[in-house]
Amino acid sequence: MKILKAMLGLTAVAAVSLLASVASAQTYPERTITMVVPFAAGGPTDTVARLVAESMSKDLGQQIVVENVGGAGGTLGAGRVANADPDGYTILLHHIGMATSATLYRKLAYDTLGAFDYVGLVTEVPMTIVARKDFEPTDLKGLIDYVKANKDKVTVANAGIGAASHLCGMMFMSAIQTQLTTVPYKGTGPAMTDLLGGQVDIMCDQTTNTTKQIQGGTIKAYAVTSPKRLDVMKGIPTAVEAGLPGFEVGIWHGIYSPKGTPAEINERLSKSLQVALKDPNVGARFAELGTAPSSAADATPTALKAKLESEIARWKPVIEAAGEYAD
């Protein structure tokens, strides 16, 4: 009898807990949500996050506040969310670095595939291969020939290990089979500032960070890494067109929640994300930045989970072959 009573007591507790969870999910959100961006304010990922957060806030009826928690290639911010209460009030917007950090960092403080639940994909941003405006080469073929002949002199800027610009730069050097001197910065802003000032030679970075500079003629563009030319800068060829076969790199962004977040809350966030991605203002701003919103089918927990798993598998051999680790 004592055992039976204990079992009934545990069942009752579980039932109450379940009912509380369901009730919480039904009334969610009741207060401000924090969206952690694991990179500096003003950078390309921050730009994407703020556009989406503003629109999602309107749909949810509660404000989403963007908090920048930069450092360690995005792993500090991701770690914070991994350890947050799984109640839907702390979420993460991260880019492709969510996948590459699983190999770049051999001693992560969290399990990339085991520490998070999924909300959905946001967008996939093309990259651009750019240089200071007075750099000698005039096209991509000329750039490749030049850097191969001057590999000890050419410098490649990036926003730090694990940043999109670091990953793209690493792939570029792998594609042309030439190792160049890399100059890491603490964020995209400082890297672009030095490229504009001529302190570094080239960079490979997201269109969300380079489009306005390219259009203004303050930097020189050689190629975009998308499968086809971008409407926002039709005069810039794709890397494949310009003579770099197979060089297609997209920096995808997704929204995550801590592991154990109720499925109903993740679904509510996913539905809100889908509403935001159909917002004409978001679509127009994304277009100006050279990207487009993810489809409704991709802005789902299932699609993001599949993307993360496939991208970890894709980048693992690239990083291991380069032998560049962050720890």
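These figures come from a predicted structure and were not determined experimentally.

Caption draft 1: Fine view of the pairing of strand 7 (residues 202-206). Among the five residues in strand 7, five count as buried, and that is most of the element. Both strand 4 (residues 116-132) and strand 7 contribute to a ladder of five bridges, which runs antiparallel. Looking at the pairing, Ala131 lines up with Ile202 of strand 7. Note that strand 5 (residues 155-158) and strand 7 share two bridges and pair parallel. Counted as the bridge partner of Ala157 is Met203 from strand 7.

Caption draft 2: Expanded view of the packing of helix 6 (residues 164-175) against helix 11 (residues 301-322). Where helix 6 meets helix 11, the axes come as close as 11 Å, and the angle between the chain directions of the two elements is 70°. Between helix 6 and helix 11, the crossing angle belongs to the class labelled roughly perpendicular. Judged by the twist between their axes, the crossing of helix 6 over helix 11 is left-handed. Mapping the contact onto sequence places Leu167, Met170 and Met171 in helix 6 and Arg314, Trp315, Ile319 and Ala322 in helix 11. Looking at the contact of helix 6 with helix 11 residue by residue, the class counts come to six nonpolar, no polar and one charged.

Caption draft 3: View of helix 5 (residues 140-149). Every buried residue of helix 5 is accounted for by Leu140, Leu143, Ile144 and Val147. Considered in projection along helix 5, the buried side chains sweep an arc of 100° and stay on one side of the axis. Turned more than 90 degrees away from the buried face of helix 5 sit Lys141 and Ala149, all of them exposed. The secondary structure elements touched by the buried residues of helix 5 are strand 4, helix 6, strand 7 and strand 8 (219-224).

Caption draft 4: Spatial organisation of the environment of Lys58. Residue position: Lys58 is located in helix 2 (residues 44-60). Judged by relative accessible area, which is 63%, Lys58 ranks as exposed. C-alpha separation for the pair Lys58 and Ala276, spaced 218 residues apart in sequence, amounts to 8.8 Å.

Caption draft 5: Seen up close, the pairing of strand 6 (residues 181-184). One ladder, built from four bridges, connects strand 5 with strand 6; its direction is parallel. Across the sheet, residue Thr155 finds its bridge partner in strand 6, namely Thr181. The handedness of the strand 5 to strand 6 crossover, carried by helix 6, is right-handed.

Caption draft 6: Representation of the state of the cysteines within the structure. By the definition in use, this model includes one disulfide. The disulfide that involves Cys168 links it to Cys204, with 1.8 Å between the sulfurs. Placement of the pair is Cys168 in helix 6 and Cys204 in strand 7, with a sequence separation of 36 residues.

Caption draft 7: Representation of the nonpolar core in the model. Among the nonpolar cores identified, the biggest contains 52 residues, and Phe116, Leu140 and Phe172 are the most heavily contacted of them. Considering every element that reaches this core, the biggest residue donor is helix 6, with seven residues. In this structure Phe116 touches Ala78, Val81, Ala82, Leu92, Met98, Tyr110, Asp111, Tyr256, Ser257, Pro258 and Lys259, once residues within four positions along its chain are discounted. Membership of the second largest hydrophobic core comes to 28 residues, among which are Ala49, Leu51, Val282 and Phe286.

Caption draft 8: Representation of the pattern of salt bridges within the structure. Under the counting rule described, the total for this entry stands at 15 salt bridges. Ionic pairing is found between Arg314 and Glu311, a salt bridge with its closest N-O pair at 3.7 Å. Taken as a pair, Arg314 and Glu311 lie in helix 11 at a separation of three residues, close to a single helical turn. The class of Glu311 is buried, set by a relative accessible area of 6%. Sharing partners across several salt bridges, the network here consists of Arg132, Asp134 and Asp201.

Caption draft 9: Summary view of the environment of Val48. Relative to the helices and strands, Val48 resides in helix 2. For the pair Val48 and Thr27, spaced 21 residues apart in sequence, the C-alpha separation works out to 27 Å. In this view, Val48 contacts Val122, Thr123, Thr208, His253 and Phe286; residues no more than four positions away in its chain are not counted.

Thresholds applied
Residues numbered from 1 in each chain as written. Predicted model: local features only at pLDDT ≥ 70, side-chain atom pairs only at ≥ 80, totals over all residues. Heavy atoms only, no water. Buried < 20%, exposed > 50% of the residue type's maximum accessible area, 1.4 Å probe, protein only. Helix = DSSP H or I, 4+ residues; strand = E, 2+ residues; numbered from the N terminus. Pairing = 2+ DSSP bridges. Axes fitted to C-alpha atoms, helices over the stretch in contact; angles between N-to-C directions. Parallel < 35°, antiparallel > 145°, perpendicular 65-115°, else oblique. Left-handed = near helix turned anticlockwise from the far one by under 90°. Contact = heavy atoms within 4.5 Å. Nonpolar A, V, L, I, M, F, W, Y, C, P; charged D, E, K, R; others polar. Arc of directions from axis to C-beta. Right-handed = clockwise from strand over helix to strand, strands pointing away. Disulfide = S-S within 2.5 Å. Core = buried A, V, L, I, M, F, W, Y, C linked by side-chain atoms within 4.5 Å. Salt bridge = Lys/Arg side-chain N within 4 Å of Asp/Glu carboxyl O.

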